[in-house]
Amino acid sequence: MQDEVYRYNVERWEALVAADALFTRPMLDLDTGKAQAYLGLTRLGIPDDLAGRKVLCLAGGGGQQSAAFALLGADVTVFDISPGQLERDRLAAEHYGVGIRTIQGDMRDLSALDDSSFDLVWHPYSLTFVPDSRIVFREVARVVRTGGHYYLMCANPFFSGLTHDSYNGEGYTLRQPYTDGDATSYPDQDWVYGREPDGRQISEPREYRQTLGRIVNSLIGEGFTLTHLSEVRSDHPDAEPGSWAHFATVAPPWLEFVWKYGPSVSGSSA
C-alpha cells in the first residue's frame, strides 16, 4: 500500500533514524528486571510469562520493545515501515544474542503475517500516522490468536494536535473539529532529536485524528474486549504554564488500551 501516506512516513522515519531521534535509539543496557519494568505488563493486566509466546511489535521498530520482549523469552517479530528502524532491532538482537524477526511494511497491510499467529500484538504510538484506524484493527484481529492481547498506545483524541505551544495565557485552546481522519501537523518537541548546526530539516509529524468512538467501537466490532484503559500524563501541577510538563499534566497526551481477542468473560462475543 505505497500511497502518499506510506511515502511520507517512510521518508520522515528514515530522517529521524539518521538524526538518532529518541524513539530510534535501541536499548542496549537492559537485563530481565529492567525489561519487565520497562514493559509494565503486570500493571496492564497482560500475562508476564513470556517464554515461547509469540509477540508482534507493530509499527514498533527501533530496538526497544523488541529487545525487552526477546530478553524475557518471547518469540518476537517486528513489523515497521522504516528500514532504518528495523536495522536498530537487528542491532539490539545481535547485542543481546537473541533472535528477532524483522519485516518491513505498512501497518495497514499485514498480509506477510499468518492468521491467528500471535499471542500479543504490542502497538506503541503510531496509529495516528494513518488516516483510518479501522483498516489497522481489521489486520490486527486477523493475526492475533483467540485469547490473545492487543496493547495499543495512541494519542488522546480530545487533545490531538495540541502541544505546550498552544498555551494562550489561560489554557490550551481546542480549535480543530473533532472529526475522524482530520489531518494535523506540529513541530517535533526539542527532546525528540538534536538540532544540528547544518540546519538539517525533518518533516513534521503528519497525524490524523482517530476519535475515541471510532477506536472503541471498531475494536469491539472486530471481536475485542477492553480489559484496561489508562491516561498517560505527567504529574507536575506546579510546572510553568506553557511548558511541556504543565501541558501533559492538564491535558494527558496519550491513552493506553489493552484488548483481549475472542469471546468476552461472560461467554458472549464482544
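Scroll up to find the structure this text is about.
Enquirer: What exactly am I supposed to notice about the overall build of the protein here?
Expert: A tally of regular secondary structure across the protein gives eight helices and nine strands. Its C-alpha atoms give the protein a radius of gyration of 18 Å, near enough to 18 Å, the size a compact globule of 270 residues would have. Split into buried and exposed, the 270 residues of the protein put 52% on the buried side. Pairs at least 24 apart in sequence give 74% of the contacts found in the protein among residues at least 6 apart.

Enquirer: How should I be thinking about the side chain of Ser133 in this particular structure?
Expert: Turning to its location among the elements, Ser133 is positioned in helix H6 (residues 133-143). Of note is the side chain of Ser133, whose polar atom sits 3.1 Å from the side chain of Gln210. Aside from chain neighbours lying at most four places away, what touches Ser133 is Leu127, Gln210 and Arg214.

Enquirer: Can you walk me through the pairing of strand S2 (residues 75-80) in this structure?
Expert: Regular strands place their side chains on alternate faces of the sheet. Burial of S2 is extensive: five of the six residues sit out of reach of the surface. When strand S1 (residues 54-58) meets S2, the two strands line up parallel, connected through five bridges. From the neighbouring strand, Val55 faces S2, where its bridge partner is Val76. Crossover S1 to S2 through helix H4 (residues 65-71) is right-handed. As judged from the five bridges shared by S2 and strand S3 (residues 100-104), these two strands associate in the parallel manner. Across the sheet, residue Thr77 finds its bridge partner in S3, namely Arg101. This β-α-β element, S2 to helix H5 (residues 83-96) to S3, shows right-handed connectivity.

Enquirer: Sorry, what's going on with the packing of helix H1 (residues 4-18) against H5 here?
Expert: When two helices pack together, their arrangement is captured by the angle between the axes and the distance separating the axes. Where H1 meets H5, the axes come as close as 7 Å, and the angle between the chain directions of the two elements is 45 degrees. The angle between the axes of H1 and H5 places the two elements in the oblique class. Note on element contacts: H5 touches H1 through Pro83, Gly84, Gln85 and Arg88, opposite Trp13, Glu14 and Val17.

Enquirer: Just checking my understanding: could you explain H6 for this structure?
Expert: Each α-helix turn comprises 3.6 residues. Residues three or four places apart therefore point the same way. Looking only at H6, the buried set comprises Ser133, Val136, Phe137, Glu139, Val140, Ala141 and Val143. Looking at the buried positions of H6, the neighbouring elements they touch are S1, strand S4 (118-123), strand S5 (144-155), helix H7 (212-221), strand S8 (224-232) and strand S9 (254-261).

Enquirer: What is the right way to read the environment of Phe224 from this model?
Expert: Locating Phe224 in the fold gives a position in strand S8. According to the relative accessible area criterion, Phe224 is buried, its value standing at 1%. The spacing of Phe224 and Phe137 is 87 residues in sequence and 9.8 Å in space, taken between C-alpha atoms.

Enquirer: Can you walk me through H5 in this structure?
Expert: Relative to the 20 Å expected for 14 residues at 1.5 Å per residue, H5 spans 20 Å between its end C-alpha atoms, a close match to the ideal helical length. Residues of H5 that are buried: Gly84, Gln85, Leu86, Arg88, Asp89, Ala92, Ala93 and Tyr96. Turning to H5, the residues buried within the fold contact H1, H4, S2 and S3. Positive backbone phi, approximately 70 degrees, marks Gly97, located one or two places after H5.

Enquirer: I tried to follow the environment of Asp132 on my own but got confused; where do I start?
Expert: Positionally, Asp132 belongs in the loop between S4 and H6. Here Asp132 falls in the buried class, since its relative accessible area comes to 19%. Expressed as a C-alpha distance, the spacing of Asp132 and Arg214, which sit 82 residues apart in the sequence, is 9.3 Å. With residues near it in sequence (within four places) discarded, Asp132 still touches Gln210 and Arg214.

About the thresholds
Residues numbered from 1 in each chain as written. Predicted model: local features only at pLDDT ≥ 70, side-chain atom pairs only at ≥ 80, totals over all residues. Heavy atoms only, no water. Helix = DSSP H or I, 4+ residues; strand = E, 2+ residues; numbered from the N terminus. Rg over C-alpha atoms; globule rule 2.2 N^0.38 Å. Buried < 20%, exposed > 50% of the residue type's maximum accessible area, 1.4 Å probe, protein only. Contact = heavy atoms within 4.5 Å. Polar contact = N/O pair within 3.5 Å; in protein donor to acceptor, adjacent residues only side chain to side chain. Pairing = 2+ DSSP bridges. Right-handed = clockwise from strand over helix to strand, strands pointing away. Axes fitted to C-alpha atoms, helices over the stretch in contact; angles between N-to-C directions. Parallel < 35°, antiparallel > 145°, perpendicular 65-115°, else oblique. Expected span 1.5 Å × (residues − 1).

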